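Chains, contacts and geometry: an overview
The lines below spell out each chain.
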Amino acid sequence: MTFNKKTLASSIALAAATLMASGVQAQMSDDEVRIGYLADMSGTYRDLAGPGGLEALMMAVEDFGGEVNGVPIDVFSADDRNSADVGANTVRGWFDEENVDLVAGMVASSVSIAVTKLLEENDGLGIISGSAASSITNEHCTPNHIHWVYDTYPLANGTAKAVVEQGGKTWFMLTADYAFGHALEGDVTKVVEENGGEIVDTIRHPFPTNDFSSYILQAQGSGADIIGLANAGSDTVNAITTASQFGVVQGGQQLAGLLIFLNDVHAMGLEDTQGLLLTTGWYWDMDDQAREWSERYYERTERMPTMVQAGIYSSTMHYLETVAEAGTDDPETIRAAMAERPVEDFFARNGYIREDGRMVHDMYLAQVKSPEESTGEWDLYDIQATIPAEEAYRPLSESQCDLVNN
Amino acid sequence: MTMIFGVPLAVFMGQLMLGLINGAFYALLSLGLAVIFGLLKIVNFAHGAQYMLGAFAALLGLQYLGLNYWVALLVVPLVVGGLGMLIERTLLRRIAHLDHLYGLLLTFGLALIFEGTLINFFGVSGSSYPTPTALEGGLNLGFMFLPTYRAWVLVAALVVCLGTWFIIERTRLGAYLRAGTENSALMQAFGVNVPLLITLTYGFGVALAAFAGVLAAPLYPVSPTMGSSLLIVVFAVVVIGGMGSILGAILTGLSMGLIEGLTKVYYPEAANTVIFLVMILVLLLRPSGLFGKEA
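Residues numbered from 1 in each chain as written. Chains lettered and ligands numbered in written order. Predicted model: local features only at pLDDT ≥ 70, side-chain atom pairs only at ≥ 80, totals over all residues.

An unreviewed UniProt entry annotates chain B as High-affinity branched-chain amino acid transport system permease protein LivH of Halomonas lysinitropha. Chain B has a UniProt comment under Subcellular location (unreviewed entry) that states "Cell inner membrane". Of chain B, the UniProt comment under Sequence similarities (unreviewed entry) reads exactly: "Belongs to the binding-protein-dependent transport system permease family. LivHM subfamily." (UniProt positions renumbered as here; feature names shortened; annotations may be inferred.)

Identification of chain A as Leucine-binding protein domain-containing protein from Halomonas lysinitropha is taken from an unreviewed UniProt entry. The Sequence similarities (unreviewed entry) comment attached to chain A in UniProt states, word for word, "Belongs to the leucine-binding protein family."

The structure is reproduced here in structure tokens:
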């Protein structure tokens, strides 16, 4: 038998190399990275994420080169219509038929909470960028999702604390009568009372409400220093517009909007919103890096990005970079590997992913500019202070998440 | 201080005033619906979208053509009413002989198309429309600070409502209209152009919605979805008042505004539902509505 040791050795080496190569290939499920984008594409929350968020996601995929580890990146999207049922059914379909690797977007907190349950059941991975409820990484935490941009904890902690420190001691709360509003109201009440303030009265208004004049009149009658708006979207816009018509600010009261997006301020105009304090996770004009990215985004959409849209780009990039580095798109491995990499880009400063899935990063206290101060259509905020990542979010010592060892 | 059920009199009066203003809005919108249903038997589900188109036309007219508020108040109802007449001529007329349900579905579909198209171009956040300079500021009524513009809305809406009621119930033209819908063959035999009358009536109902839209523009953010949230309430008002009753729509609109206003003080959580509770009660006790003719 003319068997040659050298041939054997080289055959084994060749076989091993082939195996290894195919091994890497096998790590990328179905030879594609499949990202599903789920958001409100047509309703109240459309403009803060919606089609603009999908555009940010596509931009990240394009900037990454359209493929990772030699396999293409495929993006698809669906409208959840702010319904937890529709959202959950869509994602269930994505698991059954589309082999989705990453679910991105997600705006209404109720939708996100429903989807995270599915992510856990199907061993998937999701990054939530649009939702507010801090419970998403507290009592509803799973090892299968990450919450990226902001939540109700820093909103209360940033805005309410700053307002009380500036002398706004007595508060009248105007709260959207559903889970998100109640959560925000609770967080705000805690912060106001801890800092020596007082809640004099609370009104819970139906969601959504068209006419706020009656509530604003009641708030005026209360004599409180501050009217706190624990609502979002069109409710906040309506409340602020009405307050302006009824001369709330001239009457010596101040409004504190607790969840306000760039598109809300843009819609209302500076005349009605000037001087408003708010907490944001990011602002397009906050520094050179942010401006540079935003101008590229503006060229594609003709709108400046909200913090959610920027966060979608940032989180998608972080995901793709992790996949490239780890050589796999296995959800569990990627979730762990993502947490090992610090998040430091045009969006997040001092960012990292905690074991509860919360991506903590610096937050900012901003004030809406007056029409005289503003130099352009989108020149809307003046960043007044940075809230360091460590202080901004709910400390792990207070966490109710099962993944945190308390 | 005098108290009414635990609320200071001044606050109570203020809330009644605001309720009356909202009621005037409901009256104006439900009046258009009542005219269209009463005379044409069309359940106009596009009414909310037509109201929204009125507000949008005012906004775009200001931005692109420099049309001021007062011009818009006259021109926009004509333009949107004209669009309504076009819809009646080209679409509604073709299904006039079918069950009401088809008209409802058609107008609902149109509403979705108008809304979807505008969402595509303008998003949902909406834009603000400046208050006309002549109506800026406010009046101190002693018990409340009332923005001048809201006082104007109340007056304008009431004048238009009463004018419409007068035309339909007290003039010869109104008599033709009512007769034409009652027995169109006979009216045509008398030489009255009934199809034209119907087109004009639909156009008029739509123009009322657009007028309400222009009135609303400086009050609420102008957005493509502003009509759909209001439409359901307005339909409830029409049902309570009695489908097709002109005076019923006006009086019910005003009183529902008041009831809603008081709910916002005593139990705000129910403010969005109270009108529907009244509707259920009315349907149970008087199915044809408060002012409807017994079926």
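Okay, unusual backbone geometry next. All names here are of chain A. Note that the residue after Phe207, namely Pro208, is joined by a cis bond; omega there is -5 degrees. Position of Pro208 relative to the elements: it lies in the loop between strand E8 (198-205) and helix H7 (213-222). Of note in the backbone geometry, Asp30 takes a positive phi value of approximately 40 degrees without being a glycine. Inspection of the secondary structure assignment puts Asp30 in the loop between helix H1 (5-27) and strand E1 (33-39). At Asn99, a residue that is not glycine, the phi angle is positive and equals roughly 50 degrees. Within the fold, Asn99 resides in the loop between helix H3 (84-98) and strand E4 (102-105). (Helix = DSSP H or I, 4+ residues; strand = E, 2+ residues; numbered from the N terminus.)

Residue and element names in this part refer to chain A. You can read the domains of chain A as domain 1 (29-150 + 286-361) and domain 2 (153-280 + 364-392). Taken together, the contacts link 19 residues of domain 1 with 20 residues of domain 2. When grouped by side-chain class, the residues that make up the side of domain 1 that touches domain 2 number 9 nonpolar, 9 polar and 1 charged. (Domains from an automatic or database assignment. Contact = placed C-beta atoms within 7 Å. Nonpolar A, V, L, I, M, F, W, Y, C, P; charged D, E, K, R; others polar.)

Mapped onto the present numbering, the UniProt feature "transmembrane region" (unreviewed entry) falls at residues 12-37, 71-92, 104-129, 149-168, 189-217, 229-254 and 266-285 of chain B. A distance of 29 Å separates the end C-alpha atoms of residues 149-168 of chain B, which is 100% helix and 0% strand.

Below, the discussion takes up the UniProt feature "domain: Leucine-binding protein" (unreviewed entry) in chain A. As recorded in UniProt, the sites labelled "domain: Leucine-binding protein" (unreviewed entry) are residues 32-369 of chain A. Measuring from the first to the last C-alpha atom of residues 32-369 of chain A gives 46 Å, for a span that is 45% helix and 20% strand.

Time to look at the packing of helix H1 (residues 9-40) of chain B against helix H5 (residues 148-170) of chain B. All names here are of chain B. The interhelical angle for the contact between H1 and H5, taken along N-to-C directions, is 30 degrees, at an axis separation of 9 Å. Here H1 lies roughly parallel to H5, going by the angle between them. Crossing of H1 against H5: the hand is left-handed. For the pair H1 and H5, contact is made by Leu20, Ile21, Ala24, Phe25, Ala27, Leu28, Leu31 and Val35 and by Arg150, Val153, Leu154, Ala157, Leu158, Val160, Cys161, Thr164 and Ile168, respectively. Residues belonging to the contact of H1 with H5 are distributed by class as follows: 15 nonpolar, 1 polar and 1 charged. (Axes fitted to C-alpha atoms, helices over the stretch in contact; angles between N-to-C directions. Parallel < 35°, antiparallel > 145°, perpendicular 65-115°, else oblique. Left-handed = near helix turned anticlockwise from the far one by under 90°.)

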